[in-house]
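# Topology and contacts: notes
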Amino acid sequence: MLRIKISNLKPGARLGKDIYSYDAQLLLPRGTVITQEHLHHFAARGIEEVFIMDSRPRPKSGKPFADVYVDSLQAVKSFMLEAKLGKSLDVEEIKTTTEMLFLQVFDEIDLFRQIRLMKEKDDYLFTHSVNVSLLCILIGRWMKCDEQVIRELGVAGLLHDIGKVYIDSEILNKPGQLTKEEYEEVKKHTTLGYNLIVQNGSFSHDVANAALLHHERADGSGYPIGTKGYNLPFYAAVTAVADVYDAITSDRAYSSRSSPYTAAEILWEESFGRLDPRITKVFYDKIANFYVGNQVRLSNNEIGVVIFVDPSMPTRPIVMVDDKFYNLATDRSIFIQEVID
Ligand SMILES: [Fe+2]
Ligand SMILES: [Fe+2]
């Protein structure tokens, strides 16, 4: 329930508490949908504030998304720092964090928007780990996996880049292109993370494999092994998709972020020979639901609102700019540069 000033009250809100007159007469019962007429009535009677029902979707954990996100970042920082100092992984902290994230992710919440609002909260490695965990959980839900599998996917996402704590941060944060030697160094985060998770002994082999194999690609171009074909273990294949999506939509030392539309297009292209199409397809199909209503900046710098998304072409919607429409499915010269809100 929210207490709200009449000046901020809009028609359509639902009353959260009965309203009484000064002489204790019931004026309006709880649950009434406020109309414009009610607003005039309140003003005439000198009513300044009312309680309305809070219609914002509540996650089942009962905690706002932003709080859970910040708590998770703290936890990731602390267990990553401990790992760097040679201490063993804090299993309890990792499982509690995943449980918090697990309770936040449901089909109906706009995770992409929520993540976008949290982007610059901390170092890339920490936010990226939380984001990949959230996206792995979301993909698990979309694929209707067993709840225990979904939780484990969350752990896999949270730990997939843990090996990076052993890589020189100057290399990780280098703005320009990496030298061959530096790239070889970065590649080691896969095996280092795998070893750390296996040595700990508290996590499944699937979780360790996600850390080892999330950069493998079906065409053999990935690392550390360079295996060919769509034969990655499931957790590694899901983590790979979540990892690519978050990397493209984040600002990194060497490139600025792309819009979720560009990311979806890249994922689609990557499905032909690199990422597992069984997972990119689900991601690509579902993502369309979240695009309607987005305010976007087009590549011609105009700002508009996405008003229609064709599920077979989610990255080429119809965008309304003032009183004109751009159909990006037919007008291929224009694309969505950025999602604004
Ligand atoms: Fe990685
Ligand atoms: Fe990653």
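Residues numbered from 1 in each chain as written. Chains lettered and ligands numbered in written order. Predicted model: local features only at pLDDT ≥ 70, side-chain atom pairs only at ≥ 80, totals over all residues. Heavy atoms only, no water.

## A word on the overall build of the protein chain
In plain terms, the rule: Segments assigned H or I by DSSP are reported as helices when at least four residues long, segments assigned E as strands when at least two residues long, and all are numbered from the N terminus. Only protein chains enter the accessibility calculation, which uses a 1.4 Å probe; a residue whose area is less than 20% of its type maximum is buried, one above 50% is exposed, and one in between is partly exposed. Any two residues whose heavy atoms approach within 4.5 Å at even a single point are treated as in contact. What sets the accessible areas is the Shrake-Rupley method with a 1.4 Å probe; for residues, cover comes only from the shown protein chains.
Assigned secondary structure in the protein chain consists of 12 helices and 9 strands. Viewed in the frame of its principal axes, the protein chain has a C-alpha envelope of about 80 × 50 × 35 Å. The burial tally for the protein chain puts 46% of its 341 residues in the buried class. In the protein chain, 63% of the contacts between residues at least 6 apart in sequence involve partners at least 24 apart. Per element, the accessible surface of the protein chain, about 17000 Å² overall, is 52% carbon and sulfur.

## Points about the coordination of the iron ion (ligand 2)
What counts, and what does not: For Na, K and Ca the donor cut-off is 3.2 Å; for every other metal, N, O and S atoms count as donors within 2.8 Å. Water does not enter the count, which can leave sites looking incomplete. Site shape is set this way: if four donors have all angles between 85 and 135 degrees, tetrahedral; if opposite donors are over 155 degrees apart and all others between 65 and 115, square planar for four donors and octahedral for six; otherwise irregular.
At the metal site, the iron ion (ligand 2) is ligated by H128 (NE2), H160 (NE2), D161 (OD) and D243 (OD), and these contacts range over 2.1 to 2.2 Å. If you look at the iron ion (ligand 2), its 4 donor atoms make angles of 79 to 173° with each other, and the shape they trace is irregular. Sequence spacing of the donors to the iron ion (ligand 2): H-x31-H-D-x81-D. The distance between the iron ion (ligand 2) and the iron ion (ligand 1) comes to 3.5 Å, with D161 serving as a donor to both metals. With a gap of 33 residues between them, H128 in helix α5 (residues 124-142) and D161 in the loop between α6 (147-159) and α7 (169-172) connect regions that are remote in the sequence. For H128, a relative accessible area of 1% translates into the label buried.

## What to know about the coordination of the iron ion (ligand 1)
For the iron ion (ligand 1), the protein coordination sphere consists of D161 (OD), H189 (NE2), H214 (NE2) and H215 (NE2), at 2.1 to 2.2 Å. Taken together, the 4 donor atoms coordinating the iron ion (ligand 1) span angles of 85 to 177° at the metal, a pattern that classifies the geometry as irregular. Donor residues for the iron ion (ligand 1) sit on one chain with the sequence pattern D-x27-H-x24-H-H.

## A few points about the packing of helix α2 (residues 65-84) against helix α4 (residues 111-118)
So the rule is basically this: In this analysis an axis means a line fitted to C-alpha atoms, helices contributing only their contacting stretch, and an angle means the value between N-to-C directions, from 0 to 180 degrees. Each angle is binned into one of four classes, with values under 35 degrees roughly parallel, values over 145 roughly antiparallel, values of 65 to 115 roughly perpendicular, and all other values oblique. Helix crossings fall into two classes, left-handed where the near helix is turned counterclockwise from the far one by less than a right angle and right-handed where it is turned clockwise. Note on residue categories: nonpolar means Ala, Val, Leu, Ile, Met, Phe, Trp, Tyr, Cys or Pro, charged means Asp, Glu, Lys or Arg, and polar means any other residue, Gly included.
Packing of α2 against α4 brings their axes to within 11 Å, and their N-to-C directions diverge by 60°. Our classification of the angle between α2 and α4 gives oblique. Seen along the crossing, α2 lies across α4 with a hand that is right-handed. For the pair formed by α2 and α4, the contact residues are F65, A66 and Y69 on the first element and L111, Q114, I115 and M118 on the second. Class assignment for the residues of the contact of α2 with α4 results in 6 nonpolar, 1 polar and no charged.

## A word on the domain arrangement of the protein chain
Heads up, the rule is: For each domain, the first and last residues come from an automatic or database assignment.
Taken domain by domain, the protein chain comprises domain 1 (2-52), domain 2 (65-288) and domain 3 (291-339). Spacing between the C-alpha centres of domain 1 and domain 3 amounts to 39 Å.

## Quick word on the side chain of H160
Put simply, the test is: Counting of polar contacts relies on pairs of N or O atoms within 3.5 Å, with two restrictions inside protein: one atom must be capable of donating a hydrogen and the other of accepting it, and residues adjacent in sequence are counted only when both atoms are side-chain atoms.
With respect to the helices and strands, the residue H160 is situated in the loop between α6 and α7. Of the polar contacts made by the side chain of H160, one reaches the backbone oxygen of G157; its length is 2.7 Å. A polar contact of 3.3 Å, which involves the side chain of H160, links it to the side chain of D243. Residues within four places of H160 in sequence aside, it is in contact with H128, V132, H189, A211, H214, T239 and D243.

## Re a nonpolar patch on the surface
Threshold: What goes into a patch is any residue over 30% in relative accessible area without a salt bridge, connected to like charges within 9 Å or, for nonpolar side chains (Val, Leu, Ile, Met, Phe, Trp, Tyr), within 5 Å. The term salt bridge refers to a pairing of a side-chain nitrogen on Lys or Arg with a carboxyl oxygen on Asp or Glu at a separation within 4 Å.
A cluster of nonpolar side chains, contributed by V305, I307, F308, M320 and F325, occupies part of the molecular surface with about 430 Å² of accessible area. Looking at which element gives the most residues to the nonpolar patch, the answer is strand β6 (residues 303-308), with 3 residues. Take M320: it is sitting in strand β7 (residues 318-321).

## Quick look at the packing of α4 against α5
At their nearest, the axes of α4 and α5 sit 11 Å apart, and the two run at 180° to each other. The orientation of α4 relative to α5 falls into the category roughly antiparallel. Between α4 and α5, the residues in contact are L111, F112 and I115 and N131, L134, L135, L138 and W142, respectively. Within the contact of α4 with α5, the residues separate by chemical class into 7 nonpolar, 1 polar and no charged.

## Brief notes about the pattern of salt bridges
For side chains of opposite charge, pairing can occur when their charged atoms come near one another. By the definition in use, this model includes 14 salt bridges. A salt bridge links K63 to D71, with the shortest nitrogen-to-oxygen separation between them at 2.6 Å. In this structure, the salt-bridge partner of R151 is E99, at a minimum N-O distance of 2.6 Å. You can see R151 sitting in helix α6 and its partner E99 sitting in helix α3 (residues 91-104), a full 52 residues away along the chain. By relative accessible area, R151 is classed as partly exposed at 21%. Under the relative-accessibility criterion, E99 is labelled partly exposed at 28%. A cluster of three or more residues bridged by salt bridges with shared partners is formed by E99, R141, E147 and R151.

## Considerations on helix α1 (residues 36-45)
Filter applied, for reference: The arc in question is formed by the directions pointing from the helix axis toward the C-beta atoms.
Of all the residues in α1, the buried ones are H38, L39 and F42. The buried residues of α1 occupy an angular sector of 105° when projected down its axis, which confines them to one face. Relative to its buried face, α1 has exposed residues pointing more than 90 degrees away, namely E37, H40, A43 and A44. Positive backbone phi, approximately 75°, marks G46, located one or two places after α1.

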